[in-house]
Amino acid sequence: LNATNIIKVPKYSATFDKNSNPHKDLSIAMKKAKVSKKTILLIIGGNWCKWCGEFDNTLENNNYKLAKELYSSFEVVRVYYGNGTSKEGQSLLKQFPKIPGTPHFYLLDSKAKLLASVKSTSMERGYGYNARKVEAFIQKYKNKYKSTK
């Protein structure tokens, strides 16, 4: 995500870092979600992933409108997936259903209970993403955590 100079987010929310510890990152997000009452959004992918880059491009269009909405609606954690996935990343991802492709989205409550698993293809259009579908995704899932309480 190139918007980190506009939207202040932790490193684990902004980039797919194969050297990070996703268990630690998720633990921080869980504490934040408990206080903020936001749903946790795990974005699984990598900097190598064309579709992950296209998703970020969609977020950054129109003066970062969707990026601002996404990051204000969720506690976001990006988890690296691909060649060189760390042991920590592998063990974290084993807790969830197998992903069919990247990026992939898991929505969790503050205890890391899986609320939804969403394929990115549901938001695609041609060789990119449909901004309206991305916005609909945000609207549909941003209050998912609250509805489970």
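Structure: above.
These figures come from a predicted structure and were not determined experimentally.

S.K.: Outline the pattern of salt bridges, supporting the account with residue identities and numerical values.
M.R.: This structure, assessed with the given rule, holds 4 salt bridges. Between Asp17 and Lys11 there is a salt bridge, with the nearest N and O atoms lying 3.2 Å from each other. Residue Lys11 is classed as exposed on the basis of its relative accessible area, which comes to 57%.

S.K.: Residues and numbers for the nonpolar core, please.
M.R.: Counting 28 residues, the largest nonpolar core has Leu41 and Phe137 as the members making the most contacts within it. Every element with two or more residues in this core is listed here: strand S1 (39-45), helix H3 (50-73), strand S2 (74-80), strand S3 (104-108), strand S4 (114-119) and helix H5 (131-141). Tallying contributions element by element places H3 first for this core, with 8 residues. In contact with Phe137, other than residues within four places in its own chain, are Leu41, Phe105, Leu107, Val118 and Met123. If you look at the next biggest cluster of nonpolar residues, it comprises 16 residues, including Leu26, Ala29, Val77 and Ala112.

S.K.: Account for the packing of H3 against H5, with residues named and values stated.
M.R.: When two helices pack together, their arrangement is captured by the angle between the axes and the distance separating the axes. Two elements in contact, H3 and H5, have axes separated by 10 Å at closest approach and are oriented at 10°. Overall, the two elements H3 and H5 adopt an arrangement that is roughly parallel. Facing H3, whose interface residues are Phe55, Thr58, Leu59, Lys65, Leu66, Glu69, Leu70 and Ser73, H5 presents Ala131, Val134, Glu135, Ile138 and Gln139. Residues of the contact of H3 with H5, tallied by class, amount to 7 nonpolar, 3 polar and 3 charged.

Thresholds, definitions, all that
- Residues numbered from 1 in each chain as written.
- Predicted model: local features only at pLDDT ≥ 70, side-chain atom pairs only at ≥ 80, totals over all residues.
- Heavy atoms only, no water.
- Salt bridge = Lys/Arg side-chain N within 4 Å of Asp/Glu carboxyl O.
- Buried < 20%, exposed > 50% of the residue type's maximum accessible area, 1.4 Å probe, protein only.
- Core = buried A, V, L, I, M, F, W, Y, C linked by side-chain atoms within 4.5 Å.
- Helix = DSSP H or I, 4+ residues; strand = E, 2+ residues; numbered from the N terminus.
- Contact = heavy atoms within 4.5 Å.
- Axes fitted to C-alpha atoms, helices over the stretch in contact; angles between N-to-C directions.
- Parallel < 35°, antiparallel > 145°, perpendicular 65-115°, else oblique.
- Nonpolar A, V, L, I, M, F, W, Y, C, P; charged D, E, K, R; others polar.

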